[in-house]
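So you can see what is in the structure, the chains are spelled out below.
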Amino acid sequence: MKFKKIALATAVIAGLSPQVQAGSELATLLMLLHENGTISDAQYQRVLAEAQANEQKQVAEKEEIKVALDKATNVEVSVNKGGLAVKTRDGSFTTKIGGRMQLDSAWYGEDRHGAGSTLGDGTEVRRARLYMKGTIYNDWFYKFEYDFAGAGDTKNGITDIWLGYNGFDLEGLSVKVGHFRDPFMLQDQVSDNNTQFTERASIDAFTAGRHIGAMASINRKHWTAAAGVFGEGAKKAGGTDDEGWGTAGRVTWMPINEAGSLIHLGLAADYRSTRGNEVRFKQQPETHVSAVNFVDTGIFTDVDNYLTLGAELAVVQGRFSSQAEYVRVKLDRDLASDPTFDGWYAQTGWFLTNDTRPYSHKGAKFKGVKPNSVVGKGGIGAWEVALRYSTIDLNDGGIVGGEMDNVTLGLNWFPTAGLRVSANYIKMLEMDRAGDIHDNEEADIMQLRGQWAF
Amino acid sequence: MKFKKIALATAVIAGLSPQVQAGSELATLLMLLHENGTISDAQYQRVLAEAQANEQKQVAEKEEIKVALDKATNVEVSVNKGGLAVKTRDGSFTTKIGGRMQLDSAWYGEDRHGAGSTLGDGTEVRRARLYMKGTIYNDWFYKFEYDFAGAGDTKNGITDIWLGYNGFDLEGLSVKVGHFRDPFMLQDQVSDNNTQFTERASIDAFTAGRHIGAMASINRKHWTAAAGVFGEGAKKAGGTDDEGWGTAGRVTWMPINEAGSLIHLGLAADYRSTRGNEVRFKQQPETHVSAVNFVDTGIFTDVDNYLTLGAELAVVQGRFSSQAEYVRVKLDRDLASDPTFDGWYAQTGWFLTNDTRPYSHKGAKFKGVKPNSVVGKGGIGAWEVALRYSTIDLNDGGIVGGEMDNVTLGLNWFPTAGLRVSANYIKMLEMDRAGDIHDNEEADIMQLRGQWAF
Amino acid sequence: MKFKKIALATAVIAGLSPQVQAGSELATLLMLLHENGTISDAQYQRVLAEAQANEQKQVAEKEEIKVALDKATNVEVSVNKGGLAVKTRDGSFTTKIGGRMQLDSAWYGEDRHGAGSTLGDGTEVRRARLYMKGTIYNDWFYKFEYDFAGAGDTKNGITDIWLGYNGFDLEGLSVKVGHFRDPFMLQDQVSDNNTQFTERASIDAFTAGRHIGAMASINRKHWTAAAGVFGEGAKKAGGTDDEGWGTAGRVTWMPINEAGSLIHLGLAADYRSTRGNEVRFKQQPETHVSAVNFVDTGIFTDVDNYLTLGAELAVVQGRFSSQAEYVRVKLDRDLASDPTFDGWYAQTGWFLTNDTRPYSHKGAKFKGVKPNSVVGKGGIGAWEVALRYSTIDLNDGGIVGGEMDNVTLGLNWFPTAGLRVSANYIKMLEMDRAGDIHDNEEADIMQLRGQWAF
């Protein structure tokens, strides 16, 4: 009899196992009451049967919830600073939609020895970009970004459009094809969202810029290397003449690379074969609203190729950061002399608040500031003052493109991650371009930017 | 013994508390059976231990479900009339992606005393806009909208691009910087999605339009006030000349403002200093496909500044709605006379179905019709007939820009919220522009629009 | 007494019903213990009350979970090949955001009897499209797609912008208004994502293209029919002249239409009345980078109307697929002769891997290849070789537009659904255009494309 009771109870438990534990204390009690003779065989079996039915029902209910939860958490959606990010649970597929908006206004003062102004005060949508990017089957990733700004610009505003693959065994290796920046110059690798001043230093005249091409890169914590082959940019339409092509490479070494502590050293080279296409170097005085170039080599039609070389240095220590670059370009002309142009800048920033300038070894570049104290959550945001000296020399070998030296004082306010207000005062120290209307000018520039990136 | 039993049961209950209640009836029963002597101490403790283990397991399971549910409901995604809206649970971050599409076709009849047609029949993508907007840390909000329509237009199509902040203590106060409409004229504040006719009344020639600027506004249920300072529009590229600037303000009073019942009164002023830039007022006869201006002052290059003033009146009573505005602009020219141009319109609509024209004090403007009866859910949508008289006079002070009087009969069908089909018949009553090919013309215009906004 | 006990138990159970079953085994046990006299009336009621309270609590908890789950699964979000898709549970509302990116590079070899090259090597963003589409209240559906590519192109890039309705009783019937492709030519109906070669066959010179119009279509498994009336395209701006208009229709018959097995026959006609607008037929040699037209009728200004007719044939059998079309166009000119131009192509493909070319009766066209073996999931993708012969003849009635015969060898690699790499070698067999610089040319063209669609 006892055996029978135990066997019965065991059978019930076994039948429900492994989920039976959830109700096993009742089964045990029943068994004991049965053993004690408190309840009869019939009573025991009746209640056990009910318990079993209930158990099965509960298991089914839990399974239902599990399936529904599984479905509900299959894809994770998040609002990314006002943008949109979607990710499958295993991360093998992702989609992100976001953008950046930059609104500028500028006021110009000019000391032109009696002559009129050449810089018009005004406002500008500096950048209005949306992007969509994603991951496809884990190893593939793409980005498409378009700039909707550009009043009066008849060309398309494609910035990034590329497909990458990183399903390699080698750590940090990825390849990319499409339209993107050649790996050249630190201040160019840093997104304009995250530059310390409203405009990049004047050697941006030597930017390699974006082209359609293919690139391989390795990004490790303490060093990176990237090299690629490139055609022309997306704005360049086809025709009866061959397009130019180029190759570029950049290596960096970060002996120290921790949060709030960085030493970054870099070298880069960019070679372009023009195949008969035009070449020109020009630059505004670190402002963009008026769109007037102060230094300008004019158009060369006789350049066979040119080689641009750059050296980078950057340091971060807590609230302090600094960055300097030197770039020179040498033109190879078929019949005329081979001029060399160059320039450099050094800039430094100091956070008034307890913040630091973030850096990533992915691309070996600075990232966006994420303030510790957030406006909208009771904080005051991050505040940074910055100073820059820059010089560019486009006078060489009979070319009078001009030499320009500027100093810039900047104030950045980051109310939240993604939001930024910047005020820049640019003082032209020297402007030397013989015969040009801007020769000897000493302009004062006040520039204000509101920016949000999402 | 009894004390011991109770103590044991209490200890068990306490150990499980506060979750123990879920299984407490069994614990109570055990205690009672123990007290009654039905089960032994050992049996009691054995079953209690099982119950406790089971309880803990259930608590863990519930917690797991709670965490998963929390994650699954952390962000709420909705399909917004075919668009997309995402919101964090606490509403501090939101993202919305949507747009508007308007497709027009127009047929023209002209009575030009024997001369040929000047209005070409045709079709047009009137507007094709996408927007992305969002909330960032509760208090910040932004919008970016771009119009992809505009065949043959080389300029960018940026409409709205602004960042706002409303984390003030004062009810209804917000500030905005960016590119948006100056606060002027009711029919301009109303989205073209929600105007009663396919095109705004002819005094749209005096539109303040969109500029890059900053604005503060207060929106209360029974009154609103807005004032801002503005540069030029996003389409205006920089240059060597300074841009113009302006300031605009609008106040409204809504003594009655309930669903289906409105009295709205408004006054607005817009002052523009040209700083040497061109000024021009022109307008098509409330059609857009042919792109031919019937009234046109031509380009003024000698205007120092101009002031535009407007008065608004709007009424809603159930199915009936009405709206009227008067606008005048006075030009201040350096050497020549100072002409004054003006115009007004009055329009009224009547829903054939049981619908009303919605209004919002946010921006003090009409909103989109949401039909009570929806096509796709067994309904017929909302149907509205509307009538408008409009006049504009650009003849003054020696300027012969023309005077044009039109009457428009409209039929609007809203199959669902966001969808709209409109048919407009426009009859030109008078056209007085001495010496112009359109003088004395009496055109008939038939215009059809299909629209969906999401 | 017994009755009372039973009544009590029943009352408790009834009170909890229908959720009481979840705890009914305990209620039963209690009842039995009560009946056996093991527990007293007071004990019985005490435990029963606790059980009832617990039951209610559990029911409330379950309801809470149900409501939360309901909310969490109200809208289903998925990452669609790196894009985004959102759907309400009942499917009555949907939104999809996606796009296509095509990057080309081309190398040209020309045999021009000593004369210089007319085809410039280069790279190109061939297409960079984003779309947003959705369903509104079940029966309405829309699409908006924009092409951001087009260097140097000042016109807008609107491709699809339409609103449809399919809430009819008749199976497969839908109507569409907006800007979309006229129903003409199989290779035009097939998305350029899914064509077998990088460029469509040269008779694409006769494409009806996209216009603003209205179309009704029926799509059934074994046949389709579509007919519409169309104005001009979205790129055409209004003016003083009337726009042209047209009407087009296409019928197809698919006696066999199973996965991997297809016979498709089609006929189509497109009539255009120019109403004085220009007409031109031209084509590049199945490449797009250099943008040089080899055959070109030049601009006709004297065409009153023209009728284009096409016949289609397509076959799929497992890895093998084939497709051929013939198109002819007859121009009706007011005073001059009425030339007829025509052309045809035949192409065939063979998958090296175990894949097939998918087809859909919705639009009667080929769809994108979904490889059985996926790169990123351990596979090698789908590989297809393809061969095409094409010819176009624009020489007729005194017009010397040229005749061009090409053969193309293609290799397609589909690493995953949505991704594609294509290499095309095009050999010009004959080029006959008397007096033109391209006469007798025999160009070699190598074209490479990377493509991702999401």
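Parameters and conventions
Residues numbered from 1 in each chain as written. Chains lettered and ligands numbered in written order. Predicted model: local features only at pLDDT ≥ 70, side-chain atom pairs only at ≥ 80, totals over all residues. Heavy atoms only, no water. Axes fitted to C-alpha atoms, helices over the stretch in contact; angles between N-to-C directions. Helix = DSSP H or I, 4+ residues; strand = E, 2+ residues; numbered from the N terminus. Parallel < 35°, antiparallel > 145°, perpendicular 65-115°, else oblique. Left-handed = near helix turned anticlockwise from the far one by under 90°. Contact = heavy atoms within 4.5 Å. Nonpolar A, V, L, I, M, F, W, Y, C, P; charged D, E, K, R; others polar. pLDDT = per-residue confidence, 0-100. Least-squares fit on C-alpha atoms with pLDDT ≥ 70 in both. Buried < 20%, exposed > 50% of the residue type's maximum accessible area, 1.4 Å probe, protein only. Pairing = 2+ DSSP bridges. Patch = residues over 30% accessible without salt bridge, like charges linked within 9 Å, V, L, I, M, F, W, Y side chains within 5 Å. Areas by Shrake-Rupley, 256 points an atom, 1.4 Å probe, with all protein chains shown as cover. Salt bridge = Lys/Arg side-chain N within 4 Å of Asp/Glu carboxyl O. Lys, Arg positive; Asp, Glu negative; His and termini not counted. Charge placed at Lys NZ, Arg CZ, Asp CG, Glu CD. Polar contact = N/O pair within 3.5 Å; in protein donor to acceptor, adjacent residues only side chain to side chain.

### Notes on the packing of helix H3 (residues 41-72) of chain A against helix H3 (residues 41-72) of chain C
Turning to step 1, where the next piece is worked out: Orientation of H3(A) relative to H3(C), taken along the N-to-C sense of each, is 30 degrees, at an axis distance of 9 Å. As far as their axial angle goes, H3(C) and H3(A) are roughly parallel. For the crossing formed where H3(A) meets H3(C), the hand is left-handed. Of H3(C), the residues touching H3(A) (which contributes Glu61(A), Ile65(A), Ala68(A), Leu69(A) and Ala72(A)) are Lys62(C), Ile65(C), Leu69(C) and Ala72(C).
Turning to step 2, where the next piece is worked out: Each residue belonging to the contact of H3(A) with H3(C) can be placed in one class, and the counts come to seven nonpolar, no polar and two charged.

### A word on the confidence of the model for chain A
Turning to step 1, where the next piece is worked out: Taken as a whole, chain A shows an average pLDDT of 91; of its residues, 93% reach a score of 70 or greater.
Turning to step 2, where the next piece is worked out: The ipTM value of the predicted complex is 0.90, and its pTM value is 0.92.

### Re the relation of the copies chain A and chain C
Turning to step 1, where the next piece is worked out: When chain A is fitted to chain C, the best match, at an RMSD of 0.2 Å, comes from turning it 120 degrees and sliding it 0.2 Å along the axis. The symmetry that links the two subunits is that of a three-fold axis.
Turning to step 2, where the next piece is worked out: Take the interface residues of chain A: only 18% of them recur as interface residues in chain C, which is what a contact between different surfaces looks like.

### Side note on the packing of helix H2 (residues 24-36) of chain B against helix H2 (residues 24-36) of chain C
Packed helix pairs are characterised by how far apart their axes lie and by the angle those axes make with each other.
Turning to step 1, where the next piece is worked out: Packing of H2(B) against H2(C) brings their axes to within 12 Å, and their N-to-C directions diverge by 20 degrees. One way to sum up the angle between H2(B) and H2(C) is to call them roughly parallel. Considering only the axes of H2(B) and H2(C), their crossing is left-handed. Every residue of H2(C) that contacts H2(B) at Glu25(B), Leu26(B), Leu29(B) and Leu33(B) is listed here: Leu26(C), Leu29(C), Leu30(C) and Leu33(C).
Turning to step 2, where the next piece is worked out: Taken together, the residues of the contact of H2(B) with H2(C) break down into seven nonpolar, no polar and one charged.

### Considerations on the pairing of strand S2 (residues 84-88) of chain B
All names here are of chain B.
Turning to step 1, where the next piece is worked out: The element S2 is largely enclosed, with a buried count of four among its five residues.
Turning to step 2, where the next piece is worked out: Sheet analysis places strand S1 (residues 75-78) next to S2, joined by four bridges and oriented antiparallel. Pairing of Val 77 across the sheet is with Val 86, part of S2.
Turning to step 3, where the next piece is worked out: Joining the antiparallel neighbours S1 and S2 is a turn of five residues, in which Lys 81 adopts a positive phi near 50 degrees.
Turning to step 4, where the next piece is worked out: The pairing of S2 with strand S3 (residues 94-109) spans four bridges and is classified as antiparallel. Considered in S3, the bridge of Ala 85 is made with Lys 96.

### Comments concerning the environment of Thr94(B)
Turning to step 1, where the next piece is worked out: Within the secondary structure layout, Thr94(B) lies in strand S3.
Turning to step 2, where the next piece is worked out: Relative accessible area serves as the criterion here: at 19%, Thr94(B) is assigned to the buried category.
Turning to step 3, where the next piece is worked out: With 301 residues separating them in the primary sequence, Thr94(B) and Asn395(B) have C-alpha atoms 49 Å apart.
Turning to step 4, where the next piece is worked out: In this view, Thr94(B) contacts Val79(A), Gly82(A), Val86(B), Lys87(B), Lys133(B), Gly134(B) and Thr135(B); residues no more than four positions away in its chain are not counted.

### Some words on a negative patch on the surface
Residues and elements named next belong to chain A.
Turning to step 1, where the next piece is worked out: A contiguous patch of negative charge, built from Asp 111, Glu 430, Asp 432 and Glu 442, is present on the exposed surface.
Turning to step 2, where the next piece is worked out: With respect to the secondary-structure elements, Glu 430 resides in strand S21 (residues 419-432).
Turning to step 3, where the next piece is worked out: What makes Glu 430 partly exposed here is its relative accessible area of 40%.

### Focus: the interface of chain A and chain C
Turning to step 1, where the next piece is worked out: Facing 65 residues of chain A, the contacting portion of chain C comprises 61 residues.
Turning to step 2, where the next piece is worked out: Counting the contacts that link chain A with chain C gives three salt bridges.
Turning to step 3, where the next piece is worked out: One salt bridge in this structure joins Arg275(A) and Asp121(C), with 3.6 Å as the shortest N-O distance.
Turning to step 4, where the next piece is worked out: Summed over the shared surface of chain A and chain C, the number is 16 residue pairs in polar contact (both at pLDDT 80 or more).
Turning to step 5, where the next piece is worked out: Here the side of chain A that touches chain C gets 14 residues from one element, more than from any other, and that element is H3(A).

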